[in-house]
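# Breakdown of the fold
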Amino acid sequence: IVVVMGSQFTKLSQDWPAFKQQFETEFNDLQNWIATTYGIQKSEQLNYINDSAAKSVTAGAGILTGAIASISSILIFCVFTIIYMFFMLLYRSHIRKFLIINFTETHHPTVLSVLDQIQYVVKKYLIGLVFQMSLVAGLATLTFGVIGVKYFIMLGLLTGILNILPYVGILAALLITGIITFATGTMYQVLLVFAAVVIIHVIDANYIMPKIVGSKVKINSFLAMLGIVIGEMLWGISGMFLSIPVIAICKIVFDHVAALKPWGFLLGEEDSEVPLFSKTFSRLRKGNRVSPVIRQPEEIAEPEPEKE
């Protein structure tokens, strides 16, 4: 991926003069259209743009200061996240022992089973994310190639990689793809690219994400999608990342606690087998098979006379 993206970016930098000429041509055509339609001359349009830019300098300085502060906080957060991950991996055995000794000895096998299943589910979730990224990148690359977009391989891979960021990533991919298509193609291709990205995002949000990623952790599609929405409302983008593995971990714990097994059944897929409910349903089905026979009034026999 790095080699392909690097070669595509190199070609993109070589075509930059052509991109600049394309933008200038399109901007000139737009000015002519405004002058013809609304009677606003080019000099007046440029004066309006310059005045608006001058008024925006003050506001832009404040926005730039806030952006620099936000970037600094994000960088600090990333550095501390790497440090936290390092220490959690370093002391993972210690944390595992701590979790086990909090329970009585009779529950140690159950706790070990829960921890092993959680580890397995998290790995499966990461595999599901990689599979989702590959599918979106493949769909985007194929669609952009059919439309005739230049650098469609780079833009398709970029769309798949940025799709890891829910909503924000697909908007960034849409913006980058639209700008490059506008600089290298026609307006008709730009509209087709916008429609293709929106359709791919709909397919990903409604099928690939819940069905592929959700199925890796054995969660039904409805609760997987609901968890993504609730996670975004609670914790933003981080919540969208963490919602599905958190639901999967809750399901594992629920399945190992007798009083919470119904909730584990609710979080699971529809075809999952739960012995407790299988016995209950089979018993109910057997009970419903026995139905009383209702006899009609004319079929009721006359009572026999009593013998003396």
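Residues numbered from 1 in each chain as written. Predicted model: local features only at pLDDT ≥ 70, side-chain atom pairs only at ≥ 80, totals over all residues. Heavy atoms only, no water.

## Thoughts on the overall build of the protein chain
- Helix and strand counts for the protein chain come out as 12 helices and zero strands.
- Order of helices (α) and strands (β) in the protein chain, N terminus to C terminus: α-α-α-α-α-α-α-α-α-α-α-α.
- Scored against the burial criterion, the 308 residues of the protein chain give a buried share of 26%.
- Sequence separation of 24 or more characterises 55% of the internal contacts of the protein chain that already satisfy a separation of 6 or more.
- Put simply, the protein chain shows about 21,600 Å² of open surface, and 70% of that area lies on carbon and sulfur atoms. (Helix = DSSP H or I, 4+ residues; strand = E, 2+ residues; numbered from the N terminus. Buried < 20%, exposed > 50% of the residue type's maximum accessible area, 1.4 Å probe, protein only. Contact = heavy atoms within 4.5 Å. Areas by Shrake-Rupley, 256 points an atom, 1.4 Å probe, with all protein chains shown as cover.)

## Let's talk about helix α6 (residues 152-162)
- Here α6 lies mainly inside the structure; eight of its 11 residues are buried.
- Turning to α6, its buried residues number three or more, namely Met-154, Leu-155, Gly-156, Leu-157, Leu-158, Thr-159, Gly-160 and Leu-162.
- Lining the buried residues of α6 we find α1 (2-14), α5 (108-147) and α7 (168-184).

## Some words on the packing of helix α9 (residues 221-235) against helix α10 (residues 237-255)
- Here α9 crosses α10 at 140 degrees, and the two axes come no closer than 7 Å. Taken together, α9 and α10 sit at an angle that is classed as oblique. The two elements α9 and α10 meet at a crossing, and its hand is right-handed. Taken together, the residues of α10 that come into contact with α9 (itself represented by Leu-223, Ala-224, Gly-227, Ile-228, Gly-231, Glu-232 and Trp-235) are Ile-237, Ser-238, Gly-239, Met-240, Ser-243, Ile-244 and Ile-247.
- Tallied by class, the residues present in the contact of α9 with α10 amount to eight nonpolar, five polar and one charged. (Axes fitted to C-alpha atoms, helices over the stretch in contact; angles between N-to-C directions. Parallel < 35°, antiparallel > 145°, perpendicular 65-115°, else oblique. Left-handed = near helix turned anticlockwise from the far one by under 90°. Nonpolar A, V, L, I, M, F, W, Y, C, P; charged D, E, K, R; others polar.)

## Topic: the pattern of salt bridges
- Using the criterion set out here, one finds two salt bridges in the structure.
- When the shortest N-O distance is used, the salt bridge between Asp-116 and Arg-96 registers 2.7 Å. Here the residue Asp-116 occupies a position in helix α5, and Arg-96 occupies one in helix α4 (residues 92-101), the gap between them amounting to 20 residues.
- Overall, Asp-116 belongs to the partly exposed group, its relative accessible area being 39%.
- Residue Asp-255 pairs with Lys-251 through a salt bridge whose shortest N-O separation is 2.8 Å. Taken together, the residues span about one helical turn, with Asp-255 and Lys-251 both in helix α10 at a distance of four residues. (Salt bridge = Lys/Arg side-chain N within 4 Å of Asp/Glu carboxyl O.)

## Re the layout of surface pockets
- Of the pockets and cavities examined, the largest pocket occupies roughly 1,900 Å³.
- For the lining of the largest pocket, the secondary structure elements donating two or more residues are α3 (42-90), α4, α5 and α10.
- For the lining of the largest pocket, the leading source of residues is α5, giving 10 residues.
- A class-by-class count of the residues in the lining of the largest pocket yields 24 nonpolar, seven polar and three charged. (1 Å grid on protein atoms, 1.4 Å probe; cavity = no way out; pocket = protein on both sides within 12 Å on 5 of 7 lines; lining within 4 Å. Points joined across faces, edges and corners; volume = space filled by probe spheres on them.)

## Looking at the nonpolar core
- By size, the foremost hydrophobic cluster in this structure holds 26 residues, and its most contacted members are Phe-144 and Met-154.
- Only α1, α5, α6, α7 and α8 (187-216) provide two or more residues apiece to this core.
- Element by element, the count of residues in this core is highest for α8, at six residues.
- When residues no more than four places from it in sequence are discounted, the contact partners of Met-154 are Met-5, Gln-8, Phe-9, Leu-12 and Ile-180. (Core = buried A, V, L, I, M, F, W, Y, C linked by side-chain atoms within 4.5 Å.)

## As for unusual backbone geometry
- Within the chain, Tyr-151 stands out as a residue other than glycine whose phi angle is a positive 60 degrees.
- With respect to the secondary-structure elements, Tyr-151 resides in the loop between α5 and α6.

## Some words on the confidence of the model for the protein chain
- On average, the protein chain scores 78 in pLDDT, and the residues at 70 or more come to 80%.
- Per-element confidence in the protein chain ranges from a low mean pLDDT of 56 for helix α12 (residues 275-289) to a high of 90 for α4.
- Confidence drops under a pLDDT of 50 for residues 290-301, and excluding neighbours within four residues, the segment shows two contacts in the predicted structure. (pLDDT = per-residue confidence, 0-100.)

## Quick notes on α7
- If you check α7, its first and last C-alpha atoms are 25 Å apart, about what 17 residues at 1.5 Å a residue would give, namely 24 Å.
- For α7, the full list of buried residues reads Gly-169, Ile-170, Ala-173, Leu-174, Thr-177, Gly-178, Ile-180, Thr-181, Phe-182 and Ala-183. (Expected span 1.5 Å × (residues − 1).)

## Some thoughts on the side chain of Thr-159
- Mapping Thr-159 onto the fold places it in helix α6.
- Taking relative accessible area as the criterion, Thr-159 reaches 2% and is therefore assigned buried.
- A distance of 2.7 Å separates a polar atom in the side chain of Thr-159 from the backbone oxygen of Leu-155.
- Apart from residues no more than four positions distant in its own chain, Thr-159 is found in contact with Val-136, Ala-140, Phe-144, Ile-170, Ala-173 and Thr-177. (Polar contact = N/O pair within 3.5 Å; in protein donor to acceptor, adjacent residues only side chain to side chain.)

## A word on the environment of Phe-254
- For Phe-254, the position within the fold is in helix α10.
- Put simply, Phe-254 and Phe-265 are 11 residues apart on the chain and 8.5 Å apart in space, counted from C-alpha to C-alpha.
- The contacts of Phe-254, once residues within four sequence positions are left out, are Leu-260, Lys-261, Trp-263, Gly-264 and Leu-267.

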